[in-house]
Amino acid sequence: MKENIILIGILCITISSCKPGSGSNNKSHAKDVSIAIDLDREDKLSLYDLFSSIELIPLETKNESLLQFLMEEPDQVYKIDDLFYLLDRPQDAVFIFNQDGKFIRRVSKSGKGNGEYVSADAFAITDHHQIEILSSIGRSIYCYDSLGMNFLERRIFPSELPVIHHFFPLNEDEYILYASHPKENEGNMYIYSWKDKNYTKLGYKLPDWTPFGPKLSVPFYMLNDQLCFAQTYNGDVFTLSKDKKQLNLRYSWDFGDKTFSLSAIPENKELSYYIDMLKNISYDYAIQFLIYKENSSFYFTRFKYKNRYKHLIYDKATKSYRLFEHFTEGGQCVPQWIDEKAIYTFINPYFIHNVIDLSKLNNADKQRLPTFSNHDNPVVIKYNFK
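To keep things clear, this report deals only with the structure shown in the data block. (Residues numbered from 1 in each chain as written. Predicted model: local features only at pLDDT ≥ 70, side-chain atom pairs only at ≥ 80, totals over all residues. Heavy atoms only, no water.)

### Quick look at the sheet that holds strand 8 (residues 131-135)
- An order of 7-8-9-10 is seen for the four strands of this open sheet, with the pairing classed as antiparallel. Unpaired on one side and paired on the other, strand 7 (122-125) and strand 10 (151-156) mark the two borders of the sheet. Ignoring strand direction, the axes of neighbouring strands in this sheet form an average angle of 20 degrees.
- Here four bridges tie strand 7 to strand 8, and the two strands are oriented antiparallel to one another. From the neighbouring strand, A122 faces strand 8, where its bridge partner is L134. (Pairing = 2+ DSSP bridges. Helix = DSSP H or I, 4+ residues; strand = E, 2+ residues; numbered from the N terminus. Axes fitted to C-alpha atoms, helices over the stretch in contact; angles between N-to-C directions.)

Written out as structure tokens, the structure is:
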């Protein structure tokens, strides 16, 4: 049952996005933003070619801090200063831990009273360190202080907008909003001003025939004060224009005839048809870019090709890349947060061997390994850059 849920979720991600203003994957953009990738390469890359050390940080396990991630990882992650903020959708809560894994606070305001939300579907941390929680069912964003102790305000979306599934604060007034099921003849993204109580539409539109729900991954992130949007079916990255009226293609991966196009998917079929097709489509195309993280030096992504996970690390300074299935020590590359100093992976203890082989770490890293059990809270794997 769980595998079917994951498969349907991936299918939603795979075919629920398209180029701005287009219903197909049109590769007519400028060549200077396209990065050619040879899918036949299999590079050998050690953890220690890229990272100086590996740290494991168990998140404190106590009754009030227990996490219940459905997909073996947080639904959404922020690291701000020395705090980790983790969204746990099954519990409609945001959990806060410090950088040493100590539990700080659980922000859980589920209910119908003042300052309470119907559901916690996404969240963001603002520049002023406010916690803002999106309740799609409640059609609102609920604002709290930095530790979620004090309710500040509820921001209600106008009825003219469709149900919002993802959001990102651009400043104190404006937000970019993403609706998986827009109104007829409208796109999926909007810029909304709380002060003026109005919105503008961005030229990003899903195919009208798409019968699927919201994406699982978080599509927005900020890099050097610039809002970025990553497209999960082919890994293209866009930036919001200065006038906030459109998305501009920043770069894309060119896999030649293995580059996935929405034109490969016929319209108006039954759900069972798309599920069956997804089982085999990665044999022919690079697809399902479910992980995409970026800092000023590197871009990390993971995708499927020939029904196997491929990891791609692009070095911006040298304009070179490494493509591999596993590090030479074993394990995968699945960053869920990145900053200039490290990448962070949050993983349940019983699943950690699929991500990193602890027995193959160097002696210095082995000596720092903490103790934990399979029934404990997730462990943060911190990969420190050289």
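Now, onward.
### A few points about the sheet that holds strand 6 (residues 103-107)
- Strand order in this open sheet of four strands is 3-4-5-6, and the pairing throughout is antiparallel. Each of the sheet's edge strands pairs with one partner strand only, and the pair in question is strand 3 (76-80) and strand 6. When strand polarity is set aside, the average angle formed by the axes of neighbouring strands in this sheet is 15 degrees.

### Focus on unusual backbone geometry
- Not every positive phi belongs to a glycine, and D81 is a case in point at roughly 55 degrees.
- With respect to the secondary-structure elements, D81 resides in the loop between strand 3 and strand 4 (83-88).
- Assessed through its relative accessible area of 56%, D81 is described here as exposed.
- Phi angles above zero are rare outside glycine, and K306 is one such case at about 55 degrees.
- In this structure, K306 sits in the loop between strand 20 (298-305) and strand 21 (308-315). (Buried < 20%, exposed > 50% of the residue type's maximum accessible area, 1.4 Å probe, protein only.)

### Describing the environment of N114
- Here N114 shows up in the loop between strand 6 and strand 7.
- For N114 and E153, which are 39 residues apart along the polypeptide, the C-alpha to C-alpha distance reads 9.4 Å.

### Some details on the side chain of S193
- Tracing the chain through its elements places S193 in strand 13 (residues 189-193).
- With relative accessibility at 5%, the residue S193 sits in the buried group.
- Setting aside residues up to four positions removed in sequence, S193 forms contacts with D173, E174 and N198. (Contact = heavy atoms within 4.5 Å.)

### Description of the pairing of strand 7
- A two-sided burial pattern is seen for strand 7, the buried positions comprising A122 and A124 on one face and F123 and I125 on the other.
- Following strand 7, the chain reverses through five residues before pairing antiparallel with strand 8; H129 in that reversal takes a positive phi of roughly 65 degrees.

### Things to note about the nonpolar core
- Ranked by size, the top nonpolar core spans 61 residues in total, and within it Y78, Y85, F123, I133, I176, L177 and M189 carry the most contacts.
- Among the nonpolar cores identified, the runner-up in size contains 26 residues, and I54, F300, F324 and I347 belong to it. (Core = buried A, V, L, I, M, F, W, Y, C linked by side-chain atoms within 4.5 Å.)

### Here's the deal with the pairing of strand 6
- When strand 5 (residues 93-98) meets strand 6, the two strands line up antiparallel, connected through four bridges. In the strand pairing of strand 6, F95 is matched with R106.
- Taken together, strand 5 and the strand that follows it, strand 6, pair antiparallel across an intervening segment of four residues, in which G101 is found at a positive phi of about 90 degrees.

### Comments concerning helix 3 (residues 271-281)
- When we look at burial in helix 3, the residues that qualify are Y274, I275, M277, L278 and I281. Buried positions in helix 3, seen along its axis, are confined to an arc of 165 degrees and lie on one side of it. (Arc of directions from axis to C-beta.)

### Observations regarding the pattern of salt bridges
- Enumeration over the complete set of coordinates arrives at 11 salt bridges.
- Its salt-bridge partner being E294, residue K316 comes within 2.7 Å of it at the nearest N-O pair. Here K316, found in the loop between strand 21 and strand 22 (320-324), pairs with E294, found in strand 19 (residues 287-294); they are 22 residues apart in sequence, far enough to count as distant.
- In this structure, D365 engages R368 in a salt bridge whose closest nitrogen and oxygen atoms are separated by 2.4 Å.
- Taking relative accessible area as the criterion, D365 reaches 2% and is therefore assigned buried.
- It is possible to trace a salt-bridge network through shared partners that takes in E42, R308, K310 and E325. (Salt bridge = Lys/Arg side-chain N within 4 Å of Asp/Glu carboxyl O.)

### Focus: the packing of aromatic side chains
- Taken as a whole and assessed by the stated rule, the structure comprises 33 aromatic pairs.
- When the centroid spacing of 5.5 Å and the interplanar angle of 80 degrees are considered together, the rings of F260 and Y285 count as edge-to-face. Taken together, the positions of F260 in the loop between strand 18 (247-254) and helix 3 and Y285 in the loop between helix 3 and strand 19 put the pair 25 residues apart, joining distant regions of the chain.
- The exposure class assigned to F260 is buried, which follows from its relative accessible area of 1%.
- Through a chain of ring-to-ring contacts, the aromatic side chains of F51, F298, F300, Y383 and F385 assemble into a single cluster.
- Sitting above the plane of the F84 ring, K79 keeps its charged end 6.0 Å from the centroid.
- Taking the ring centre of Y273 as reference, the NZ or CZ of K269 above it sits at 5.4 Å. (Phe/Tyr/Trp six-rings, centres within 6.5 Å; stacked < 30°, edge-to-face > 60°. Lys NZ or Arg CZ within 6 Å of the ring centre and 35° of its normal.)

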